[in-house]
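# Analysis of the macromolecular model
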Amino acid sequence: MLPQVLKTSDLGAWVEALMAESRVAAPVLKETNVSDPTDLKFGWQYVPDPADVRLDYTVTVLGPKKFLWPPRQKLVRYNLGAGAEPEAIIDHEPHVLLGVHPCDITAIATLDAAFAKDVPDPHYLARRSDTAIIGLDCGAPCDESSFCLDMGSLYPESGFDVMLTPLGDAYFVEVATQLGEALVEAAVVRPATKQDMEAHQAFAEEKRSDFHYKLPYELKYLPEILDASYDSLVWEAIARQCFSCGSCNIACPTCYCFDVYDEVEVDLSKGCRVRRYDSCQLDPFAEVAGGENFRQERASRLRHRMFRKGKYILEQTGRVGCVGCGRCERACVAGISIKDTYVQIAGSR
Amino acid sequence: MADKPTLAFFSLACCEGCQLQVLACEEKLLPILEKADIVRFREASDGDADHYDVTFVEGSIVTAHDLERIKEIRAKTDTLVALGACATIAGVNAVKNFQDPDDVAAYVYGDKKEWFPHIAARPLKAEVPVDVEIHGCPINSDEFLEVVTCLLMGKPYRQPNYPVCVDCKLAGNVCLWNKGIPCLGVVTRAGCAPLMCPSAGHKCIGCRGLVDNPNTQAAKDVMAEFGLTVDDVLREFRLFQGIYDEVAKEA
């Protein structure tokens with residue numbers, strides 16, 4: 001399908017049409033900083049009203065990951081005693097993620113690879129297969145924390161059904177899949193003219209000039225640079241500031257570790273096996289039966305995260321473990337920055 | 001545990017709000033009553049027994065009399081559960097530990113202060129072994145039910161050992177620090193979700209005590225960078241997290 005154009009004023013009607021078919025999640029305004037009214041805080045939510053959709057958003061605390069993999073997810077329900085009858089809970093319904101930035105599109109591709117490898121995860125994959133993704137291109141970096149250009153997540157070639165490019169009072173609409181074509185059929189669009197295409201190219205050129213590399217080396221060297229830094233004193237130094245609060249992992253769009261536990265009704269008749277997001281920065285994360293903890297030191301946990309994001313996930317899934325979205329840095333009360341850390345270790349031997 | 005275990009509730013120095021949180025479980029208490037006998041519960045009924053399978057004790061030890069009582073209770077109890085911040089970390093009672101004991105007594109009892117001798121406030125574990133802790137001011141009713149479920153199943157209850165930040169991020173909250181409000185969630189044990197203070201826009205004041213192995217030095221550094229003085233920082237930490245270990249030694 002050739003590119004189309006959607007007037008900004010017709011966006012609401014499109015969202016309404018999409019909402020008639022399935023749930024639609026999008027960024028909305030959560031709150032405004034009391035001391036700075038220009039500092040808007042956005043969050044991903046299922047949209048209550050099309051007018052609430054804010055495609056002018058920059059960053060969110062949590063990414064759209066939570067719709068594919070809820071922070072707390074019931075996996076199995078069972079009875080206690082004889083006739084346990086465990087029953088898997090595969091809970092999904094069609095939904096649309098509207099306005100996903102390139103970094104999060106790339107992050108979802110990492111999650112797809114992680115949850116499909118070894119024993120495929122039916123809970124994630126069922127929700128994923130019922131998910132339509134409408135991307136939203138970025139013309140400028142969100143803020144100082146983002147380094148998506150470095151991490152190769154700024155120009156995703158797939159992983160979305162539709163891509164929107166904001167062109168002032170209209171969106172340039174590109175369809176990438178059959179599902180995307182069906183989504184766009186619900187919108188009032190017109191075919192892109194030569195002028196629209198020129199405007200789209202101008203956006204692309206401006207985008208290229210607005211993003212700058214922040215690491216002093218190419219992404220392909222990161223795993224080796226990490227390797228060389230393993231015994232560096234830098235980990236101990238950064239860990240002195242680290243609370244091990246887990247905020248970095250919880251906010252990360254590619255983290256996929258979870259903890260599994262049981263929730264039993266107080267009458268002891270039945271229960272559920274549940275999983276929730278876990279964090280490798282937490283003290284008990286690497287604790288095993290018998291009480292042994294093989295990453296008891298704060299510094300070893302911090303180094304582990306930096307290695308996961310820059311090396312291990314890439315090696316295991318073939319996809320980047322860090323998309324450079326900057327959420328972990330923004331979420332860190334101590335101001336620990338994965339970007340600055342990757343800069344700092346550049347000279348390690 | 002016997003076929004139908006006996007449960008008891010006691011209060012030391014506190015507001016008894018944690019017992020009210022137990023009663024607030026309402027109809028969810030009924031399945032417990034089918035499986036266990038509550039033999040002592042001042043907020044709900046009369047009665048007593050010679051031995052308790054599980055005893056829930058709220059409140060801090062603040063008098064010599066409290067000290068005797070907790071030792072008696074411990075002697076009659078198989079599993080002792082400390083209920084709420086006053087019992088687990090001495091709670092707000094410990095604020096007085098950082099003031100002159102005479103001044104404190106005079107402030108509360110005036111010229112009758114000699115009638116009410118008191119000792120430094122301390123949590124139960126400073127004096128007797130405690131088997132399970134349910135933190136919070138007040139406790140979270142859901143956590144109480146979870147602990148009871150574990151006890152009835154004979155399985156250990158593992159209290160959350162991660163900071164409030166985890167649940168706060170999961171709720172999608174914008175960090176209060178990012179809004180210029182210092183919050184103790186970074187070092188405070190979680191377990192209060194979904195009713196946690198930051199979700200309502202209030203800073204965490206640490207009522208569930210410190211997580212194991214907290215980086216309190218980093219917390220103080222960050223607060224100092226925020227422009228808070230040492231006194232401000234200590235005040236933040238002392239509201240709920242009085243240094244009971246040192247206090248206990250002094251007794």
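Residues numbered from 1 in each chain as written. Chains lettered and ligands numbered in written order. Predicted model: local features only at pLDDT ≥ 70, side-chain atom pairs only at ≥ 80, totals over all residues.

### Describing the overall build of chain B
Counting its secondary structure elements, chain B contains 10 helices and five strands. Taking 18 Å as the expected radius of gyration for a compact globule of 251 residues, we find that chain B reaches 19 Å, a close match to that expectation. Here the C-alpha coordinates of chain B stretch approximately 55 × 50 × 25 Å along the principal axes. Intrachain contacts of chain B at a sequence separation of at least 6 include 76% that bridge at least 24 residues. (Helix = DSSP H or I, 4+ residues; strand = E, 2+ residues; numbered from the N terminus. Rg over C-alpha atoms; globule rule 2.2 N^0.38 Å. Contact = placed C-beta atoms within 7 Å.)

### Some remarks on the nonpolar core
One broad trend across soluble globular proteins is that nonpolar side chains are buried collectively. By size, the foremost hydrophobic cluster in this structure holds 104 residues, and its most contacted members are Leu98(A), Ile134(A) and Phe243(A). With eight residues, the single largest contributor to this core is helix 3 (residues 102–116) of chain A. Setting aside chain neighbours within four positions, we find Ile134(A) in contact with Val96(A), Leu97(A), Leu98(A), Gly99(A), Val100(A), Asp161(A), Val162(A), Leu164(A) and Leu183(A). Counting 39 residues, the second-largest nonpolar core is a separate cluster that includes Tyr52(B), Val57(B), Leu83(B) and Ala94(B). (Core = buried A, V, L, I, M, F, W, Y, C linked by C-beta atoms within 7 Å. Buried ≥ 20, exposed ≤ 12 C-beta atoms within 10 Å, placed from the backbone.)

### Examining unusual backbone geometry
Backbone torsion omega between Cys137(B) and Pro138(B) reads -5°, so that peptide bond is classified as cis. Turning to its location among the elements, Pro138(B) is positioned in the loop between strand 5 (132–134) and helix 6 (141–153). Cis geometry marks the peptide bond from Ala193(B) to Pro194(B); its omega dihedral reads 5°. Phi at Asp118(A) takes a positive value of approximately 55°, unusual for a residue other than glycine. In this fold, Asp118(A) is placed in the loop between helix 3 and helix 4 (122–129). One non-glycine residue, Ser244(A), adopts positive backbone phi at about 55°. For Ser244(A), the location among the structural elements is in the loop between helix 8 (234–239) and helix 9 (247–251). On the basis of neighbour count, Ser244(A) is assigned to the buried category, with 26 C-beta atoms found within 10 Å.

### Here we look at the sheet that holds strand 5 of chain B
Residue and element names in this part refer to chain B. In space, the five strands of this open sheet follow the order 2-1-3-4-5, with parallel pairing throughout. The open sheet has two free edges, formed respectively by strand 2 (37–40) and strand 5, since each of these has just one partner strand. Strand after strand, the sheet turns through a mean of 25° between neighbouring axes, direction not considered. Lying over the sheet, helix 6 contacts strand 3 (52–58), strand 4 (77–83) and strand 5, oriented at roughly 160° with respect to strand 5. (Pairing = 2+ DSSP bridges. Axes fitted to C-alpha atoms, helices over the stretch in contact; angles between N-to-C directions.)

### Here we look at the interface of chain A and chain B
A common way to state how big an interface is: give the accessible area lost once the parts meet. With 33 residues of chain A in contact, the opposing surface of chain B contributes 29 residues. Listed by contribution, the elements that provide at least two residues to the side of chain A that touches chain B are strand 2 (23–32), strand 3 (40–46) and helix 9 of chain A. Here the side of chain A that touches chain B takes three residues from helix 9 of chain A, the largest share from any one element. For the side of chain A that touches chain B, the residue count by class is 18 nonpolar, eight polar and seven charged. (Nonpolar A, V, L, I, M, F, W, Y, C, P; charged D, E, K, R; others polar.)

### Topic: the environment of Val166(B)
Within the element layout of this structure, Val166(B) appears in helix 7 (residues 164–170). Spatially, the C-alpha atom of Val166(B) lies 9.0 Å from that of Gly185(B), the residues being 19 residues apart in sequence. The residues touching Val166(B), leaving out its near neighbours within four places in the chain, are Gly246(A), Ile250(A), Ser279(A) and Ala190(B).

### Examining helix 10 (residues 298–317) of chain A
Residue and element names in this part refer to chain A. Helix length check: helix 10, at 20 residues, gives a terminal C-alpha distance of 26 Å against a target of 28 Å (1.5 Å per residue), a fit within 8%. Approximately 60° is the largest bend angle found in helix 10, and it occurs at Arg308. Listing the buried residues of helix 10 in full gives Arg298, Arg301, Leu302, Arg303, Arg305, Met306, Arg308, Lys309, Gly310, Ile313 and Thr317. Elements that come into contact with the buried residues of helix 10 comprise helix 3, helix 7 (222–228), helix 8, helix 9 and helix 12 (338–344). (Expected span 1.5 Å × (residues − 1). Bend = angle between axes of the 7 residues up to and from the residue.)

### Overview of the sheet that holds strand 1 (residues 4–7) of chain A
Residues and elements named next belong to chain A. The strand order 3-2-6-7-8-9-1-10 describes an open sheet built from eight strands, whose pairing is mixed. The sheet is open, and its two edges are formed by strand 3 and strand 10 (189–191), each paired on a single side. In this sheet, adjacent strand axes meet at a mean angle of 30° when their direction is disregarded. Inspection of the sheet shows strand 8 (residues 162–167) paired to strand 9 (residues 170–175) by six bridges, in the antiparallel sense.

### Some remarks on the confidence of the model for chain B
Residue and element names in this part refer to chain B. Looking at chain B, the pLDDT average stands at 88 and 94% of residues meet or exceed 70. Of the regions scoring below 50 in pLDDT, residues 244–251 engages in 14 contacts with residues more than four places distant in sequence or in other chains. Across the interface, the model reports ipTM at 0.86; the global pTM reads 0.91. (pLDDT = per-residue confidence, 0-100.)

### Considerations on the domain arrangement of chain B
All names here are of chain B. Looking at the assigned domains, one finds that chain B contains domain 1 (6–153) and domain 2 (164–250). For domain 1 versus domain 2, the distance between C-alpha centres works out to 24 Å. With 19 residues of domain 1 at the contact, the number on the domain 2 side is 16 residues. For the side of domain 1 that touches domain 2, the leading source of residues is helix 4 (residues 85–89), giving three residues. A breakdown of the residues in the side of domain 1 that touches domain 2 according to their chemical character gives 11 nonpolar, six polar and two charged. (Domains from an automatic or database assignment.)

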